[in-house]
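Inside the fold
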Amino acid sequence: MSSRNSHETLISFGVRPHPHFRYARVEQICMRVVFGDCEFDSGRRTLLRHGHATPLSPKAFQLLECLLDRRPEAVTKAELVGQLWPETFVSDASLHNLVAEVRAALGDSPRTPRYIRTVTRYGYAFHGDARPAGPVETSPTPTSGPRLVSKRGEWSLLEGATVVGRDRDCAVRIDSPMVSRRHARIVVSPDKTTVEDLGSKNGTHVNGCRIAQPVTLNDGDQVQVGSLTMTYRTLGALPSTRTRRRS
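The structure reproduced in this document is the subject of the present report. This structure is a prediction, so every number in the text was calculated from the model and none was measured.

1. Things to note about the packing of aromatic side chains
Considering all chains together, one arrives at 4 aromatic pairs under this definition. Seen in terms of ring centroids, Phe-35 and Tyr-115 are 5.1 Å apart; in terms of plane orientation they differ by 70°. Their pairing is edge-to-face. Here Phe-35, found in strand 1 (residues 32–35), pairs with Tyr-115, found in the loop between helix 4 (92–106) and strand 6 (116–119); they are 80 residues apart in sequence, far enough to count as distant. Judged by its relative accessible area of 0%, Phe-35 is buried. Relative to Phe-61, the ring of Phe-40 has its centre 4.7 Å away and its plane inclined at 25°; by these criteria the two rings are stacked.

Set out below in structure tokens:
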């Protein structure tokens, strides 16, 4: 962020910065907290209310994350603007609208706030009773069976249909603007595994070739979805150890 933009942004909120003011980059740490009927998970980028996913725009999610991280401390408007719009000049209304979005998602009210408190002529604070969430229950990772392997991770493929895409409901979720919401489908049956494109904008490629119909996958085939390339592997049970015969 340029010093000129920083200076103008702060002054728009009634704050005159120190001549040597600089923004500091803070390392993000995953945070899972529970408050009221809500659960916030920064690692999974989810906000649950009554156990159901509640949509939030990326900047509204970032705003809630900042307030939770600094709770119960109040955060100035200037600091929030610096984190949310580091290289953009915005008005007071932009931050106000984000706060309204967060409150609506939490079922909160500015007149009788349970979570987001307005600090007049200063900023905002999270003042609800928040506590760390319990451990996430995970299933053991299968040691055999077909799977997709990439630099981003590994996905086991169960028998039946598995959808690959950007949508939150996809079993293989790839958060990339190059990937369609429901990009491709992989079908695992006892005798073969096939992949087909679901009318995605950027297409699905197998071993470098864009596919127009279902294609059977073999061990080691390269499946490209958007800019991510995954390797299809068929991992069966390990063979038993052979006994060496003595001559």
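2. Thoughts on the packing of helix 3 (residues 77–84) against helix 4
One way to put it is that helix 3 packs onto helix 4 with a least axis distance of 11 Å and a crossing angle of 85°. Between helix 3 and helix 4, the angle falls in the class roughly perpendicular. Residues Lys-77, Leu-80, Val-81 and Leu-84 of helix 3 pack against Asp-92, Leu-95 and Leu-98 of helix 4. Residue classes in the contact of helix 3 with helix 4 are distributed as 5 nonpolar, no polar and 2 charged.

3. Some details on the packing of helix 2 (residues 58–70) against helix 4
Where helix 2 meets helix 4, the axes come as close as 9 Å, and the angle between the chain directions of the two elements is 80°. Regarding the angle of helix 2 to helix 4, the classification is roughly perpendicular. Along the contact surface, helix 2 presents Lys-59, Ala-60, Leu-63 and Leu-64, while helix 4 presents Leu-95, Leu-98, Val-99, Glu-101, Val-102 and Leu-106. Of the residues belonging to the contact of helix 2 with helix 4, the class tally is 8 nonpolar, no polar and 2 charged.

Cut-offs applied
- Here the residue index of a chain counts from 1 through its sequence in written order.
- Confidence filtering applies because this is a predicted model: local features only for residues at pLDDT of at least 70, side-chain atom pairs given and counted only at 80 or more, and all residues used for totals across whole chains, interfaces and linings.
- Water and hydrogen atoms were dropped before computing side-chain values, which therefore reflect all heavy atoms in the structure.
- Aromatic rings from Phe, Tyr and Trp, taking only the six-membered ring of Trp, are treated as a pair when their centres fall within 6.5 Å; an angle between ring planes under 30 degrees marks them as stacked, one over 60 as edge-to-face, and anything in between as tilted.
- Working definition: helices are DSSP H or I runs of at least four residues, strands are E runs of at least two. Numbering for both runs from the N terminus.
- Relative accessibility decides the category of a residue: with a 1.4 Å probe and only protein chains considered, values under 20% of the type maximum give buried, values over 50% give exposed, and everything between is partly exposed.
- Note on geometry: axes are C-alpha line fits, over the in-contact stretch for helices, and angles between N-to-C directions span 0 to 180 degrees.
- With respect to orientation, any angle under 35 degrees is reported as roughly parallel, any angle over 145 as roughly antiparallel, any angle of 65 to 115 as roughly perpendicular, and every other angle as oblique.
- Whether two residues are in contact is decided by their heavy atoms: any pair within 4.5 Å suffices.
- Classification convention: Asp, Glu, Lys, Arg as charged; Ala, Val, Leu, Ile, Met, Phe, Trp, Tyr, Cys, Pro as nonpolar; all other residues, Gly among them, as polar.

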